[in-house]
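# Fold and contact review
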Amino acid sequence: MDRQPVRRMEREIPGVDAVTDFLLELRSEEIPARMQAGARAELDKLFRAQMSAAGIDVGDLSIWSTPRRLALIARDLPEATAAVSEELKGPRSSAPPQALEGFLRKTGLTQDQLEDRDGVYFAVIDKPGRATAQLLAEAIPAIIRAFAWPKSMRWGKDSASSESLRWVRPLSGIVAIFGEELVPSEIGGIAAGFATRGHRFHCPGEITIGSALDYAEKLRACHVIVDHEERQAIIRDGAAKAAADAGLTLVADEGLVIENAGLTEWPVPLLGRFDEAFLEVPPEVIQLTARVNQKYFVVNDAAGKLANGFVCTANIAAQDGGAEIVAGNRKVLAARLSDARFFWEQDRKIKLEDHAKKLDRITFHEKLGTVADKVERVAKLAEWLASEGIVPNCDPALARQAAELAKADLVTEMVGEFPELQGLMGGYYARAEGLPDAVADAIRDHYKPVGQGDDVPTAPVTVAVALADKLDTLVGFFGYGLKPTGSKDPFALRRAAISILQLIERGGIRVHLRPLLFRLSLACYQQAIARAYFERFGKVADVFGAESNDEKYDLLMRLQGIEPRLETDALNPKTAASQVLEFLIDRLKVQQREAGVRHDLIDAVFALGGENDLVRLLARVNALQAFMASDDGANLLAGYKRAANILKQAGKDIVIPAKAEIAGDGEPTIAAPDFAGATDIDKTLLTALDSAEPAASTAVAEERFTDAMAALASLRAPIDAFFDGVMVNDPDETLRAYRLGLLARFTGAVHGVADFSKIEG
Amino acid sequence: MADAAEKKSLSFQDMILTLHAYWAARGCAILQPYDMRVGAGTFHPATTLRSLGPEPWNVAYVQPSRRPTDGRYGENPNRLQHYYQYQVILKPSPADLQEQYLGSLAAIGIDPLLHDIRFVEDDWESPTLGAWGLGWEVWCDGMEVTQFTYFQQMGGFDCKPVAGELTYGLERLAMYIQNVDNVYDLRFSDPVGDVPGVSYGDVFLENEKQFSKWNFEVADTDGLFAGFKAAEAECQRAIEANVPLAAYDQAIEASHLFNLLQARGVISVQERANYMARVRDLAKGSCKAWIDSQSDAWSAKYPGWTL
């Protein structure tokens, strides 16, 4: 290895204006790939914090990582900090001596060092500038000690004490050079030096770094590319090229690029082939095996189908060009793929309905019973959603069948090995069995949508099963009070709720949620009771041949004539249903807000209450949003606010219902079409109300919300004219009451569409 | 070229002998396998109990390991219900542990400039031993050949100091070195003069067939359940009698009986966690009793050392 003599330049007293580069390398045993990005951010944060506390401005930082090192280069640091003079005001010179003593203690000065300015003591503390090298020497151990790793450990003989240094893996060396000078520092028995190590196998000896300037290049000469982005580019481009050279196309996978860059200091992508016969296994399985277990890329053929190739990333430039490495990796992949093929073959020997019988061995949740219990509930609900036409054009028998089989793949070997393939494998197995496509698709897709960007299913059978599954989860957990609190949502119920909203919205599913949720809660509750009963009193009903929990429950009812009084901690179904509805509506509000809908408009619609048809709710919000963006909307709102204010000031007892009447809800309404003292302006408003009111309410009833808004818009001119042309608080009390009544009717008409009092502006 | 490499490659037993010589030369006492049925080399008291406490401890040994659920009736080229682990424990973990380990790979014939050796994150945890550590699985051309761990806790107690543990999967390594695709084709020993060598299959194929059948189909589950209970009770008795080594034997026994019950498929998912917790309690109790029995001597010999 090329060892260079260390040149140390003797400098004159460092000036504040002089700037110098700083290099820090923290070498350790292999840092997990997934932690390296976080470690770079942590190093950036801690270095800046240390420097800022020392009064040094830090500009651009280069921070790099490899599996064996974290490196930082700070450019153009001042060589020293400027001297600062700090002035502290103390007690008055006439103050009691205790005050002075306290001040002296605080400042560490004696009384004759204080200045007396007009009867007040001042301490002037000169802080001399400090050499940056010295500040860095103090900062290095502080950074290492404060470094937060997701998991850290102790090692070596020092670990006999609990206080020993912790790091992600053993820390093995520190390079700290300011300019060309060593920054002397030490921690955990490791002293900073000029020496680092190159590639573990290509250049195992020590190499000497001169400064930040030659660091990256010296490492490169020793088979280490320290810049992680450069390694990522080598892998990204090299893997694509290796595939292209063989007439194949790399399936891009940025996560794999980053992971492989985190596993190598000298990445060399290599293409290998596997036995074509393995391609009978579903492509997702091959890709997952290659990716998760081996960190290989997969490749497609010219037709875009998965080909029998893989790209692995070696960490050496092998003497034989990588032939042995490829051969070894091929063998490992072949063993993995033959396992997968074995699962694929074994699983298909058993029909899904027979797999499903084993679901009673899997606990869904200790309170909510087994997966088999869940499947029973979901199948019933999915069938009902179809038979009631809630999910349109859905065959109830298919919905039930799909739901009964949807979870069966959980007990297959393949999903046991690759839980990520749940659903997908069930879909494959269903198709292989010759089940209808609608059923296979529903099994495959019923977990969807699983994220904000995920596809929302629209196939009716899929929608029925997906919706039933998620509703059941939500109701079940709420039924036991296991709802999300704060940031804790261990059962991903918020995710489930949003998926439900997406399914309903996208599918235009018209359902009154409250009765639906009640129905489902009741089913959960009955199962809970049946379970509790059989746990306590044994398998009585089995003697009578009851198979499902439903049957057991029915049997219990018949045996006892009453609902068995058993302690379960399940909530009353009615309460559970209400809580779920509230939760869904809350999520809907959040979702709408995130989609950019004004929160006051959401409130204006939600405040009407009583609505549990989400599709209708959203249509109304959308129409209102459009209306409020128009001039008509803005002016109508102004008119509404004015009317509401007047009514509020008028108070109820002042409104005399001469020809106005108080309706059941306490709002005055105008009954008479004509009134003696009424002006043309009054009459115009009245006529406008007479036509707008029914038009709006009919439109609302028919869910033509835009038309309802248009009907309200027709009130804009008459109400403006009304405020301009007449005095509401007319001295004539009867006329005043009449006009207040008109206004009340106006606000009432508006309320039929949305609660405008919630709208800001 | 390939032929030459194959002729040169070590037989299964020579690989073990080479590792013994390698680690003995680095100060390890070469121990023999523990005489009980265990699931991994870690269960040997030379690892479990001796990784506790302040005394230096450097040993290497082969441990036959039994994992009943991995049995495949001798039909799978990679999976066995009985196989060998090569275990090295170095306490405290030396600063050059990685280099020492790589030296052992070179000793058995793996050239790191021809083969891609990698340290891939894999944190080790043994719920039944109440133990965990951080480290890697070591890959050779994509195949996991060794588990490399810095023990942080054992039996629920901090390891002070930390021990480094290397667990080599001997069959895998041998398959790699000998370039065979089926474990039963491994050369167990080489011919010497007129005496023919034997293959791994010659030695173990029948065992795999019979034990797979016994594990999965034959073993008397009532007897296993009773055995589990008896071991559990005996462990407690031994702890009370202050003979922690004997107590730990019973913890090992209970752990293996639990594995057999699993293979027989008579422990439900719900019960599984419960059984594991019971085994963990036995292991932890034994570790605690071991510490209690030794801590006076440790404190006397290592002033300032605390639990």
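This structure is a prediction, so every number in the text was calculated from the model and none was measured.

## Focus: the overall build of chain B
In terms of helices and strands, chain B carries 9 helices and 9 strands. Reported as C-alpha extents along the three principal axes, the dimensions of chain B are approximately 60 × 50 × 35 Å. Split into buried and exposed, the 307 residues of chain B put 52% on the buried side. When contacts within chain B are restricted to residue pairs at least 6 apart in sequence, long-range pairs at least 24 apart make up 68% of them. Carbon and sulfur atoms make up 52% of the accessible area of chain B, which amounts to about 12,600 Å² in all. Taking the average place of the 25 positive charges on the side chains of chain B and the average place of its 40 negative ones, the gap between the two points comes to 4 Å.

## Brief notes about the overall build of chain A
Within chain A, the regular secondary structure consists of 27 helices and 20 strands. Here chain A, with 761 residues, has 50% of them falling under the buried criterion. By sequence separation, contacts in chain A at least 24 residues apart represent 69% of the contacts at least 6 residues apart. Entry remark: accessible area of chain A is about 34,300 Å², with carbon and sulfur atoms responsible for 51%.

## Some details on unusual backbone geometry
Residues Lys448(A) and Pro449(A) are joined by a peptide bond in cis, for which omega reads -10 degrees. Considering the arrangement of structural elements, one finds Pro449(A) in the loop between helix H14 (437–445) and helix H15 (460–479). Of the consecutive residues Lys91(B) and Pro92(B), the connecting peptide bond is found in the cis state with omega at -5 degrees. As for its placement among the helices and strands, Pro92(B) is situated in the loop between strand E3 (82–91) and helix H4 (97–107). For Asp76(A), which is not glycine, the phi dihedral falls at a positive 55 degrees. Of note, Asp76(A) is situated in strand E3 (residues 69–78). For Asn179(B), which is not glycine, the phi dihedral falls at a positive 60 degrees. Along the polypeptide, Asn179(B) turns up in the loop between helix H5 (170–178) and helix H6 (200–218). According to the relative accessible area criterion, Asn179(B) is partly exposed, its value standing at 44%.

## As for the sheet that holds strand E5 (residues 115–117) of chain A
All names here are of chain A. With antiparallel pairing, the 3 strands of this open sheet are ordered in space as E4-E6-E5. Edge positions in the sheet fall to strand E4 (84–92) and E5, since each of these pairs with one other strand and no more. Across the sheet, the mean angle separating the axes of adjacent strands is 35 degrees when strand polarity is ignored. Two elements, E5 and strand E6 (residues 120–127), share 3 bridges in a ladder whose sense is antiparallel. Bridging across to E6, Asp-116 finds its partner in Tyr-121. Against the sheet, helix H2 (residues 97–107) contacts E4 and E6, and its axis sits at roughly 165 degrees relative to E4.

## So, the nonpolar core
If you look at the biggest cluster of nonpolar residues, it comprises 240 residues, and the most contacted ones within it are Phe22(A), Phe47(A), Met414(A), Phe756(A), Trp23(B) and Tyr200(B). Broken down by element, the residue count for this core peaks at 12 residues, all from H15(A). Grouped together as the second largest cluster of nonpolar side chains are 45 residues, Trp57(B), Ile89(B), Leu260(B) and Trp305(B) included.

## What to know about the environment of Arg105(A)
Mapped onto the elements, Arg105(A) comes out in helix H2. Remark: the alpha-carbon pair of Arg105(A) and Tyr525(A), spanning 420 residues in sequence, is separated by 70 Å.

## Here's the deal with the interface of chain B and chain A
Interfaces are often described in size by the accessible area the parts lose on coming together. Of the residues lining the interface, 43 residues belong to chain B; the matching set on chain A comes to 46 residues. Interface area, chain B with chain A, both sides summed: about 3,600 Å², of which 51% is carbon and sulfur. Between chain B and chain A we count 6 salt bridges in total. Of the charged contacts in the structure, one is a salt bridge between Asp123(B) and Arg169(A), with a shortest N-O distance of 3.1 Å.

## What to know about the sheet that holds strand E15 (residues 297–300) of chain A
All names here are of chain A. Taken together, 4 strands build an open sheet; the order of strands is E13-E15-E16-E14 and the sheet is antiparallel. Strands at the two margins of the open sheet, each flanked by one partner only, are strand E13 (249–250) and strand E14 (268–273). Pairing geometry for E15 and strand E16 (residues 306–314), over 3 bridges, is antiparallel. Among the inter-strand pairings, Val-298 is bridged to a residue of E16, identified as Phe-310. Set on the sheet, helix H5 (residues 228–245) makes contact with E13, E14, E15 and E16; between it and E14 the angle comes to about 30 degrees.

## Some words on the packing of aromatic side chains
All names here are of chain B. Applying the stated criterion across every chain, the model contains 36 aromatic pairs over all chains. Through pairs of rings, three or more aromatic residues link up here, namely Tyr-86, Tyr-101, Phe-119, Trp-136, Phe-148, Tyr-150 and Tyr-168. Above the face of the Tyr-275 ring, Arg-278 is positioned so that its terminal group lies 4.9 Å from the ring centre.

## Focus on the side chain of Thr42(B)
Note on placement: Thr42(B) falls in the loop between strand E1 (29–30) and helix H3 (45–48). Residues contacting Thr42(B), with those up to four places away along its chain left out, are Thr47(B), Thr48(B), Gln87(B), Trp124(B), Leu129(B), Phe151(B), Met154(B), Glu165(B) and Tyr248(B).

## Describing the pattern of salt bridges
All chains considered together, the criterion is met by 56 salt bridges over all chains. Here the residues in one salt-bridge network are Glu25(A), Arg27(A), Arg68(A), Arg69(A) and Glu265(A), joined through shared partners.

## Some points on H15(A)
Helix length check: H15(A), at 20 residues, gives a terminal C-alpha distance of 28 Å against a target of 28 Å (1.5 Å per residue), a fit within 8%. Positive backbone phi, approximately 70 degrees, marks Gly481(A), located one or two places after H15(A).

## A look at the state of the cysteines
Following the criterion strictly, the structure yields 0 disulfides over all chains and no others. In this model Cys203(A) remains outside any disulfide bridge; the closest cysteine sulfur is found in Cys222(A), 4.2 Å from its own. Between Cys312(A), a free cysteine, and Cys140(B), which holds the nearest cysteine sulfur, the sulfur-to-sulfur gap is 12 Å.

## Brief notes about the environment of Phe103(A)
Residues and elements named next belong to chain A. Residue placement: Phe-103 occurs in helix H2. Taking the relative accessible area as the measure of exposure, Phe-103 reaches 5% and is therefore buried. C-alpha of Phe-103 to C-alpha of Gly-90: the two residues are 13 residues apart in sequence and 6.3 Å apart in space. Each residue touching Phe-103, except ones within four places of it in the same chain, is listed here: Leu-88, Lys-89, Gly-90, Pro-91, Leu-114 and Ala-123.

## Topic: the pairing of strand E7 (residues 143–154) of chain B
Residue and element names in this part refer to chain B. For E7, a buried count of 10 out of 12 residues is recorded, marking the element as mostly surrounded by other parts of the structure. The sheet contact formed by strand E6 (residues 131–140) and E7 spans 9 bridges and is antiparallel. Each bridged residue has a counterpart across the sheet, and for Val-138 the counterpart in E7 is Thr-146. Count of turn residues in the E6/E7 antiparallel hairpin: 2 residues, of which Asp-141 carries a positive phi of about 50 degrees. With 5 bridges connecting them, E7 and strand E9 (residues 164–169) associate as antiparallel partners. The residue of E9 that forms the bridge with Thr-146 is Tyr-168. Judged from the 2 bridges that link them, E7 and strand E8 (residues 157–158) form a sheet pairing that is antiparallel. Bridge pairing in E8 places Gln-153 opposite Asp-158. The antiparallel pairing of E7 with E8 creates a hairpin that spans 2 residues between the two strands, and Gly-155 there sits at a positive phi of about 60 degrees.

## What to know about H2(A)
All names here are of chain A. Looking at H2, one finds that the buried residues are Leu-100, Phe-103, Leu-104 and Thr-107. For H2, the angular spread of the buried residues around the axis is 100 degrees, confining them to a single face. Opposite the buried face of H2, at more than 90 degrees from it, the exposed residues are Gln-98, Arg-105 and Lys-106. Residues of H2 that are buried make contact with E4 and E6. In the stretch just after H2, Gly-108 is the one whose phi turns positive, near 75 degrees.

## Notes on the pairing of strand E2 (residues 61–66) of chain A
Residue and element names in this part refer to chain A. Burial analysis of E2 places 6 of its 6 residues in the buried class, the great majority of the element. Where burial is concerned, the two faces of E2 agree: the one with Leu-61, Ile-63 and Ser-65 and the one with Ser-62, Trp-64 and Thr-66 are both buried. The pairing of E2 with E3 spans 6 bridges and is antiparallel. Among the inter-strand pairings, Ile-63 is bridged to a residue of E3, identified as Leu-72. The loop that links E2 with its antiparallel partner E3 comprises 2 residues.

Reading the values: the criteria
Residues numbered from 1 in each chain as written. Chains lettered and ligands numbered in written order. Predicted model: local features only at pLDDT ≥ 70, side-chain atom pairs only at ≥ 80, totals over all residues. Heavy atoms only, no water. Helix = DSSP H or I, 4+ residues; strand = E, 2+ residues; numbered from the N terminus. Buried < 20%, exposed > 50% of the residue type's maximum accessible area, 1.4 Å probe, protein only. Contact = heavy atoms within 4.5 Å. Areas by Shrake-Rupley, 256 points an atom, 1.4 Å probe, with all protein chains shown as cover. Lys, Arg positive; Asp, Glu negative; His and termini not counted. Charge placed at Lys NZ, Arg CZ, Asp CG, Glu CD. Pairing = 2+ DSSP bridges. Axes fitted to C-alpha atoms, helices over the stretch in contact; angles between N-to-C directions. Core = buried A, V, L, I, M, F, W, Y, C linked by side-chain atoms within 4.5 Å. Buried area = accessible area lost by both parts, 1.4 Å probe. Salt bridge = Lys/Arg side-chain N within 4 Å of Asp/Glu carboxyl O. Phe/Tyr/Trp six-rings, centres within 6.5 Å; stacked < 30°, edge-to-face > 60°. Lys NZ or Arg CZ within 6 Å of the ring centre and 35° of its normal. Expected span 1.5 Å × (residues − 1). Disulfide = S-S within 2.5 Å. Arc of directions from axis to C-beta.

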